[in-house]
Amino acid sequence: DNGDGKWSTIITVGDSDWFKFIPQSAVDAADWKGLYGCAENGSTASSDFIVYEGESMKVEKAGTYIFTLDVVNFTYSVIPAKAVYFIVGTPTNWDNTLKSAFYPTTVMKQSYTAYFSGAYDMKIWASADFGNWNNCIGTVKDGDNSSSGSLITSGANSFASPDPGYYTVTVDFATYTYTWTKLDNQEPTSFSRITLAGDFNNWSDTDMTQVNPHNWSLIGLVVEKDGGLKFKGNASWDVNWGCEADMATSYFGKGVQNGANIVVPAGTYDVFFNDITGEFVFDKRDGFF
């Protein structure tokens, strides 16, 4: 009970799992007629209205999801508890082995900030499809450089920034739409090193790899004990990023100068960081987040 008329739970499901919501009254009466469903049988919508004694919904792909029932507005939603997406394109030299993650502001709304050429710049992979050219997310028109538009997940082509420059491309993976926003500052500060320092390494410096200018990764970071950490520019505390984020309950955040230590539980992580925005992702390999 979220206390605002919404009820939610986190469940791991298999491929093509069907479901409905069952109120306590139906449980007490052992009455299958009292369930909440939807208007269209087998709907895979990520959100919709609930229908009393309606049809069954379906989760198309296996994974861990947050199921939410809003009994005030009579709606429901099913969103991935963790959705990691990767760019492939001119910023990564079209390398299908190089992971560079989008940075979420919500699970389904994510962005990537970099220098884009303005011509055939990128496609996107969902985590489960990484490296598979047949399952890219992109546009209908190859080389589409519209300032905003829609994306497709089958037979997709590359799309591009409206012109060369530093841009943020923001994607809503719930609606498969995107927008480009050109940065006001076209000469962002560059760093020769980005390091991680924290309890896991006794506050020494662990180097990240520059995937492309301003975007960094550290694949397979082993954190042996719970603790805090920060990102550092040029291995100096003069520029450091932190925030009040706990990777036990999330997997992304946005660091700010001299922010609080980021709490990271023990585990193995693929870490991604953008030194322009301060955004980061901790993709845990051996646990929920």
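Refer to the structure printed above.
All figures in this text were calculated on a predicted structure; none of them were measured in a lab.

Criteria and thresholds
- Residues numbered from 1 in each chain as written.
- Predicted model: local features only at pLDDT ≥ 70, side-chain atom pairs only at ≥ 80, totals over all residues.
- Heavy atoms only, no water.
- Helix = DSSP H or I, 4+ residues; strand = E, 2+ residues; numbered from the N terminus.
- Rg over C-alpha atoms; globule rule 2.2 N^0.38 Å.
- Contact = heavy atoms within 4.5 Å.
- Areas by Shrake-Rupley, 256 points an atom, 1.4 Å probe, with all protein chains shown as cover.
- Lys, Arg positive; Asp, Glu negative; His and termini not counted.
- Charge placed at Lys NZ, Arg CZ, Asp CG, Glu CD.
- Buried < 20%, exposed > 50% of the residue type's maximum accessible area, 1.4 Å probe, protein only.
- Pairing = 2+ DSSP bridges.
- Salt bridge = Lys/Arg side-chain N within 4 Å of Asp/Glu carboxyl O.
- Patch = residues over 30% accessible without salt bridge, like charges linked within 9 Å, V, L, I, M, F, W, Y side chains within 5 Å.
- Core = buried A, V, L, I, M, F, W, Y, C linked by side-chain atoms within 4.5 Å.
- Axes fitted to C-alpha atoms, helices over the stretch in contact; angles between N-to-C directions.
- Phe/Tyr/Trp six-rings, centres within 6.5 Å; stacked < 30°, edge-to-face > 60°.

Okay, the overall build of the chain next. On a plain count of helices and strands, the chain comes out with one helix and 26 strands. Rg of the C-alpha trace for the chain: 21 Å, near the compact-globule value of 19 Å for 289 residues, within the 12% margin. Dimensions of the chain along its principal axes, counting C-alpha atoms only, are 65 × 50 × 30 Å. In the chain, the proportion of contacts linking residues at least 24 apart, taken out of those at least 6 apart, comes to 58%. Counting every atom, the chain has about 13700 Å² of accessible surface; 48% of that belongs to carbon and sulfur. Here the chain contributes 18 positively and 34 negatively charged side chains, and the mean placements of these two sets differ by 3 Å.

Turning next to the pairing of strand β8 (residues 75-80). Alternating residues of β8 divide into Tyr 76, Val 78 and Pro 80, all buried, and Thr 75, Ser 77 and Ile 79, none buried. Bridging between strand β7 (residues 63-70) and β8 involves six bridges; their strand directions are antiparallel. Its bridge partner being in β8, Thr 68 is matched across the sheet by Ser 77. Count of turn residues in the β7/β8 antiparallel hairpin: four residues, of which Phe 74 carries a positive phi of about 60°.

As a further point, take the pattern of salt bridges. Counting across every chain of the model gives six salt bridges. Residues Asp 163 and Lys 182 are paired through a salt bridge, measuring 3.1 Å at the closest nitrogen-oxygen approach. Of this pair, Asp 163 sits in the loop between β13 (148-150) and β14 (165-172) while Lys 182 sits in strand β15 (residues 177-182); the two residues are 19 residues apart in sequence, bridging distant segments of the chain. Residue Asp 163 is classed as partly exposed on the basis of its relative accessible area of 29%. Here Arg 193 and Asp 207 are joined by a salt bridge, their closest N and O atoms 2.9 Å apart. With a gap of 14 residues between them, Arg 193 in the loop between β15 and β16 (194-198) and Asp 207 in strand β17 (residues 206-207) connect regions that are remote in the sequence.

A few words on a nonpolar patch on the surface. Taken together, the side chains of Trp 7, Val 71 and Val 72 define a hydrophobic patch exposed on the protein surface, amounting to about 290 Å² of accessible area. Examined against the element boundaries, Val 71 turns out to sit in the loop between β7 and β8.

Let us now look at the nonpolar core. Ranked by internal contacts, the top residues of the largest apolar core, which has 30 residues, are Tyr 85, Phe 102, Phe 116, Met 122, Ile 124 and Val 169. Put simply, the parts of the chain that give this core at least two residues each are β9 (85-89), β11 (109-116), β12 (122-126), β14 and β15. Counting residues in each nonpolar core, the second largest holds 22 residues, with Phe 191, Phe 200, Leu 221 and Tyr 269 among its members.

With that out of the way, let us pick up the sheet that holds β7. Spatially, the four strands line up as an open sheet ordered β1-β7-β8-β4, and their pairing is antiparallel. Edge strands, defined here as strands with exactly one partner in the open sheet, are β1 (6-13) and β4 (47-49). The mean angle between the axes of side-by-side strands here comes to 15°, regardless of whether they run parallel or antiparallel. Relative to β7, β1 runs antiparallel, the two being bridged by eight bridges.

So, on to the packing of aromatic side chains. Enumeration over the complete set of coordinates arrives at 29 aromatic pairs. On the basis of an interplanar angle of 25° and a centroid distance of 6.2 Å, the ring pair of Tyr 103 and Tyr 112 is categorised as stacked. For Tyr 112, a relative accessible area of 0% gives the class buried. Plain terms: the ring middles of Phe 173 and Tyr 176 are 6.4 Å apart, the flat faces sit at 90° to each other, and that makes the pair edge-to-face. A residue is classified by how much of its surface remains accessible, and Tyr 176, at 28% relative accessible area, is partly exposed. In this structure an aromatic cluster arises from ring pairing among Phe 191, Phe 231, Trp 241, Tyr 269, Phe 273, Phe 280 and Phe 282.

Glancing now at the sheet that holds strand β22 (residues 252-254). Ordered in space as β18-β19-β25-β26-β22, the five strands form an open sheet in which the pairing is antiparallel. Looking at which strands have only one partner, the edges of the open sheet turn out to be β18 (209-212) and β22. Put simply, the sheet's adjacent strands are angled 25° from each other on average, direction ignored. With three bridges joining them, β18 and strand β19 (residues 215-223) adopt antiparallel strand pairing.

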